[in-house]
Amino acid sequence: MFCGDAFLRIPNTEFSKPVEKKWNPPDHVAIMVSHKEFAGAGKKPGLQVWRIENLDLKPVPQALHGSFFTGDAYLLLFTTSAPSYNVHMWLGDSCSQDESGAAAIFSTQLDDFLGGGPVQYRELQNSESNTFLGYFKSGIKYQRGGVASGFQHVVTNDMSVKRLLHLKGRRAIRATEVDMSWNSFNKGDCFIVDLGQHIYQWCGSECNRFERLKASELGIDIRDNERNGRAKLHMVEEGEEPAEIIEVMPAEQTRPNSESRISDASGSMKVSAVAPSSPFKQAMLSPEECYILDNGVDKNIFVWKGPKANKAERRAAMSAGQQFIKDKGYSNKTQIQVLPAGAETTLFKQFFFNWMDKDETTGPTKAYTIGRIAKVDQVPFDASSLHSNKAMAAQHGMVDDGKGKVQIWRVEGEKVPVDPSAYGHFYGGDCYLILYSYRLGGREQHIIYTWQGLKCTQDELAASAFLTVKLDDSMGGSPVQVRVTQGQEPPHLMSLFQGKPMIIHSGGTSRKGGQSHSGSTRLFNIRQSSSSATRAVEVSASSLNTNDVFVLKSPNALYVWRGVGASDEEMEAAKYVVDFLGGSAKHVSEGSEPGDFWAALGGKKDYQTSKSLQNMVNAPRLFGCSNKTGRLTVEEVPGDFTQSDLATDDVMLLDTWDQIFLWVGNEANAEEKTGAPKIAKDYVESDPSGRRGLPITTIKQGAEPPTFTGWFQAWESKMWEMDPLDRIRARFQR
């Protein structure tokens, strides 16, 4: 699912020597000016939109944001509270070359006005980025015409409007103005018949429930924003059209009754190649250069601006991207993102193996509150408030404090109970089922953790999956299922052993009489999670980290090594590892290690010494898995998703970076239910950023734990007790 084709460097010489004929920056790059409209640009969080009118910038009223004339070009600025900025240049299918050129000039000027810090996007009609679509949750509208043909963004409350909008898309709704004619309709889609004072949502006989919901949201948006709530909104079924609709259609035409149509949601310069395919290495990015990451097969490319690249080169980044698309023969719908160093998007980072932000170390991510990507506050863990603070529960991966009932079985063809005295020890040659039961809101809840060792057999992997389903079926299908790969244990699983660390052995088995002989030298890494649970993982000798505690067992000695950034809780957990290994431990502080310590590790080597704990913030992403178009496809939900984006007739995939959730809607069909888990597995394993083996949690509609619901603002536990269509129809009445 990640398929970056190539990674190329843009040579300095092409930009720093404009006298050469290879490539010359346009005149506007050499002499930058500031437009009067920029005086208020970026002064407060939110979206600002301008249209190119007679090669000048004219602001678009806020009530009409999301409505675009197809013959025009637009400039958009989105400002966060940090602040950080996104600059978008939107080009309609019919806009002129002069208008698109002016948009490019103003985009570059705005970027320069804001200090070169914005991320720049080139947006094309019907091929907009998810970032762009996310600004318009109820959908975007394409209107015919433009400045050249005399069409203006009119004031609100225009009751003389007569237009027909064709709606397409399940996650991102696009409404395109079409001929006011029965020939424009089809049975598989929804349409908006906008007659000014009355707005009719027309539903084809073969459109599905979720499309109806999204069409209703757009209709409500038109009524509330374009008409200031003064129009009346109606829902109309195919074949039940009122006289008002029939009267505006050409008299000689009849209503649609033909074969149904299925709606598918669906200056030259030289560059030198750096790497032919992803995953790329971050070290390839020199701060003195600009680069193009070529993902043209997916119709997008990225231009990365090094902080020390020369000024002309940085200013001309968008132009360089456009020329690259032309030279490669890519579709003119190919998106361009221009990224200054330090403002890399999540999608860009995922083409790199183990992308590291400034002052970042490796290891599990820490927890942050939901908010704008540019400013995210860390939430301290408080177990007593887990049930009331769902955002914290989601970010820390905790449904409760781990004090419920625990049962563990080892997979040996069948479930074999593990002796409770051995709870907390997991061996890489085994698979385990852990059933956790707890009470929430007066109801008993269950989680099945399926832990799979890295050295277990394929038969054991298959058996663990089969036994998980069997256990789930025996409990009426109510448990939440979490697949855990060794080394990727979520905080809640780590908390089940009541103050003791979860101890993970790199190999071997806990089967009676089947234990393999341990190595003469063993090293355990002890780290505390953001929820205060600890884990001791057997690691290789090169895994020292200044933020952690390590226990080293050699034939001649036993050491407890404390890094500068380690916690007292991690030192306390080390006692359990020492007790298990046996012997009297010598305590060693970082920087005062004896020679025997390094000798046991095979000699002193470089290790992670950054004292800053990992601070990477990765925005959660929501995808829908649907076969409504005849084949199983995956589409991302744009923008800040909400509970209403969970389509009850689909399977949804929620990526919170260190965990994957599969949410199964009650109306999802069999193909979606069986195909989505494979998609989730492929999604993780093909990620160039190196997230193979992440836990994948399967959740059923109506049985969502707070670790899932906390990622959604204002989750309503009773939302689906009422038909969503009835709920939104109630909003039709004012």
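Predicted, not measured: the structure shown is a model, and the values here were computed from it.

S.K.: Please set out the pairing of strand 15 (residues 290-295) residue by residue, giving values where relevant.
M.R.: Within strand 15, six of the six residues are buried, leaving the element largely enclosed by the surrounding structure. Burial of the side chains of strand 15 extends over both faces: C290, I292 and D294 are buried on one face and Y291, L293 and N295 on the other. Where strand 15 folds back on strand 16 (residues 300-305), the antiparallel hairpin that results is connected by four residues, among which K299 adopts a positive phi of roughly 60°.

S.K.: Run through the confidence of the model for the protein, naming residues and quoting values.
M.R.: Taken as a whole, the protein shows an average pLDDT of 79; of its residues, 81% reach a score of 70 or greater. Ignoring residues within four places in sequence, the model shows residues 13-32, a span with pLDDT below 50, making 35 contacts including any to other chains. Contacts for the low-pLDDT stretch residues 611-616, under 50 throughout, to residues beyond four places or in other chains number 26 contacts.

S.K.: Could you give an account of the sheet that holds strand 9 (residues 163-168), with specific residues and numbers?
M.R.: Reading across the sheet, the seven strands line up as 4-8-10-9-11-12-13 and stay open at both edges, with mixed pairing between neighbours. At either end of the open sheet lies a strand with only one pairing partner, and these are strand 4 (67-69) and strand 13 (232-237). On average, each strand axis in the sheet is tilted by 25° relative to the strand beside it, whichever way the strands run.

S.K.: Help me get a handle on the packing of aromatic side chains, residues and values and all.
M.R.: All told, the structure shown has 33 aromatic pairs when counted by the stated rule. For the pair Y559 and F597, a centre-to-centre distance of 5.5 Å together with 90° between the ring planes defines the contact as edge-to-face. Of the two residues, Y559 sits in strand 28 (residues 558-562) while F597 sits in helix 14 (residues 595-600), which places them 38 residues apart along the sequence. Take Y559: its relative accessible area is 3%, and that puts it in the buried class. Feature note: the residues F68, Y74, F78, W90, F132, Y135, F136 and Y142 constitute an aromatic cluster, connected by ring pairs. Between the NZ or CZ atom of K415 and the centre of the ring of W409, over which it lies, the distance is 5.1 Å.

S.K.: Residue-level account of unusual backbone geometry, with values.
M.R.: With a phi angle near 60°, L55 is a residue other than glycine that sits in the positive phi range. Relative to the helices and strands, L55 is located in the loop between strand 2 (46-53) and strand 3 (56-59). Positive phi outside glycine occurs at W657, with the angle close to 80°. Checked against the element boundaries, W657 lands in the loop between strand 32 (651-655) and strand 33 (660-664). Residue W657 is classed as buried on the basis of its relative accessible area, which comes to 14%.

What counts, and at which threshold
- Residues numbered from 1 in each chain as written.
- Predicted model: local features only at pLDDT ≥ 70, side-chain atom pairs only at ≥ 80, totals over all residues.
- Heavy atoms only, no water.
- Buried < 20%, exposed > 50% of the residue type's maximum accessible area, 1.4 Å probe, protein only.
- Helix = DSSP H or I, 4+ residues; strand = E, 2+ residues; numbered from the N terminus.
- Pairing = 2+ DSSP bridges.
- pLDDT = per-residue confidence, 0-100.
- Contact = heavy atoms within 4.5 Å.
- Axes fitted to C-alpha atoms, helices over the stretch in contact; angles between N-to-C directions.
- Phe/Tyr/Trp six-rings, centres within 6.5 Å; stacked < 30°, edge-to-face > 60°.
- Lys NZ or Arg CZ within 6 Å of the ring centre and 35° of its normal.

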